[in-house]
Amino acid sequence: TWYFSLSVYVGGNMIGVAGLGKSGISAATLLLKNNEAVVLFDSNKELNKEEILAKFDKAYHKNIDIILGELKKSDLEDMSYLVISPGIDLETDFVQVLKENNIPIWSEIELGFKYAKGGLVAITGTNGKTTTTSLVGEIMSKFAKSSFTVGNIGIPYTDIADKTDEDSVTVLETSSFQLETIIDFRPNISAILNITPDHLNRHHTMENYIKVKEDISKNQTEDDFCILNYEDEALREFADRVKAEVVFFSSKRKLENGFYLDKDIIMQSKDGVTKEILDTKKLNILGRHNYENVMAAIAISSSYGVPIDSIVNSCYAFHAVEHRIEFVKEVNGVRYYNDSKGTNPDAAIQAVLAMPAATYIIAGGYDKGSEYDEWIESFGTKVKKLVLMGATAGKIEECAKKHGFNDIVTVDSMQEAVKVCANEAKTGEYVLLSPACASWGMFKNYEERGRIFKDCVRELG
């Protein structure tokens, strides 16, 4: 079921808000706070109007009307634009009705941008968004008078837009779904961490997916900054088309200008001067991919004007975000890591590479149309066993055997998966939940999947 709400401007024009999840409720509430009358629509006639009203503060109920049923063309006659939740596919029927009637469709982050004040950092990429956003948020919290870390990380932009002021800085994690429908959205600093195949069941082609990611900088000017991963070929090519000042980072080669990894040291080269910035051995996070996230965070924060010493101190104090190569517990000499946020093969590859020794992997879940060849190839001699669950178990098993990996078992639950690993793993080895798939079907979301994994591990021994 899709929900959508219509708020009425004083001038008689209406503004739609499609979707009553977190972002939809926040968007509608922001409009109500700005003295808009709101009409809530839903295609399900059986919904309880009182339960819908209960999603909003009682002070706004007098300004809310609810209509349940089909969206009619007549409902669109006075609509200025519609704010759509990221979970709603733009190919759904009612969105097509909007397009046919020339109703502009806004992202929730577009609405947030309209009302928010102060500086804005926007971060996207297939992998590493949450870690980088969290780290930049930590850095900014010690620099700015007020800072907010929001977006795809869990707090809608519209939830805090009216709390910002000219001295605020907002650090926003943005997904491809949110970027599909931006119009005037313009961050002071944008960052694209990487682009690898993901969400192709929605975007259909890599070309479409890349274009949506690149749109994060489409409204930037030469006064802004765009942080890009030099090792991503598409982004290297994209740099020539960016209006903002580009700052590169690289984990594989020395750059004449930008941040790069030289053995264990993060370096900066600028205007012919090279200096050491940070020793990765002092970080609390593992893996080359995380060192890329740290370089991106340094590039973002220094471009914003944060002193390097303050940035480095925040980096050294930072710990892995929950569900992203998160250490859980050591049981009988076996270390367990929760990488439930590894919802695509590329993220899962990074988790494999971060493991220092023999590893048992728990994987599988919802099929987003991904291919698993490169992930299986990354196993080398490090991965000892693959424990599979969910809708993709058969597809992954077939792919693994094609590449000569045969130590595979399929299970029906997380409890069974952890038990299999605990029974076989030996002292000094690792157990890694890194599904390479979305969680839908077996779990509400990747957070629930990760929490259940951690509960199962904590019950061991």
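Look up: the structure comes first, before these words.
Residues numbered from 1 in each chain as written. Predicted model: local features only at pLDDT ≥ 70, side-chain atom pairs only at ≥ 80, totals over all residues. Heavy atoms only, no water.

Participant: Report on the overall build of the protein chain, specifying residues and quantitative values.
Facilitator: Summing up its helical and strand segments, the protein chain has 17 helices and 21 strands in all. Computed over the C-alpha atoms, the radius of gyration of the protein chain is 23 Å, within 12% of the 23 Å expected from 2.2 N^0.38 for a compact globule of 461 residues. Burial status across the protein chain gives 57% buried among its 461 residues. Taking the contacts inside the protein chain whose residues are at least 6 apart along the sequence as the reference set, 66% of them involve residues at least 24 apart. When the accessible surface of the protein chain is totalled, it reaches about 19900 Å², and 46% of it is carbon and sulfur. (Helix = DSSP H or I, 4+ residues; strand = E, 2+ residues; numbered from the N terminus. Rg over C-alpha atoms; globule rule 2.2 N^0.38 Å. Buried < 20%, exposed > 50% of the residue type's maximum accessible area, 1.4 Å probe, protein only. Contact = heavy atoms within 4.5 Å. Areas by Shrake-Rupley, 256 points an atom, 1.4 Å probe, with all protein chains shown as cover.)

Participant: Break down the sheet that holds strand E17 (residues 334-338) for me, citing the residues and quoting the values.
Facilitator: Taken in spatial order, the 6 strands line up as E16-E17-E21-E18-E19-E20 in an open sheet, and their pairing is mixed. Both edges of this open sheet fall to strand E16 (326-331) and strand E20 (408-410), since each of them pairs with a single strand only. When the angles between neighbouring strand axes are averaged without regard to direction, this sheet yields 20°. Where strand E19 (residues 383-388) meets E20, 3 bridges bridge the pair, whose relative direction is parallel. By the bridge assignment for E20, Leu388 is matched with Thr410. (Pairing = 2+ DSSP bridges. Axes fitted to C-alpha atoms, helices over the stretch in contact; angles between N-to-C directions.)

Participant: Please give an account of the pattern of salt bridges that cites residues and values.
Facilitator: All chains considered together, the criterion is met by 20 salt bridges. Glu138 is the salt-bridge partner of Lys142, the closest N and O atoms lying 3.6 Å from each other. Among the residues examined, Lys142 registers a relative accessible area of 56% and is labelled exposed. Within the structure, one salt-bridge network assembled from shared partners comprises Glu214, Glu237 and Arg241. (Salt bridge = Lys/Arg side-chain N within 4 Å of Asp/Glu carboxyl O.)

All we've got here are geometric facts, nothing functional implied.
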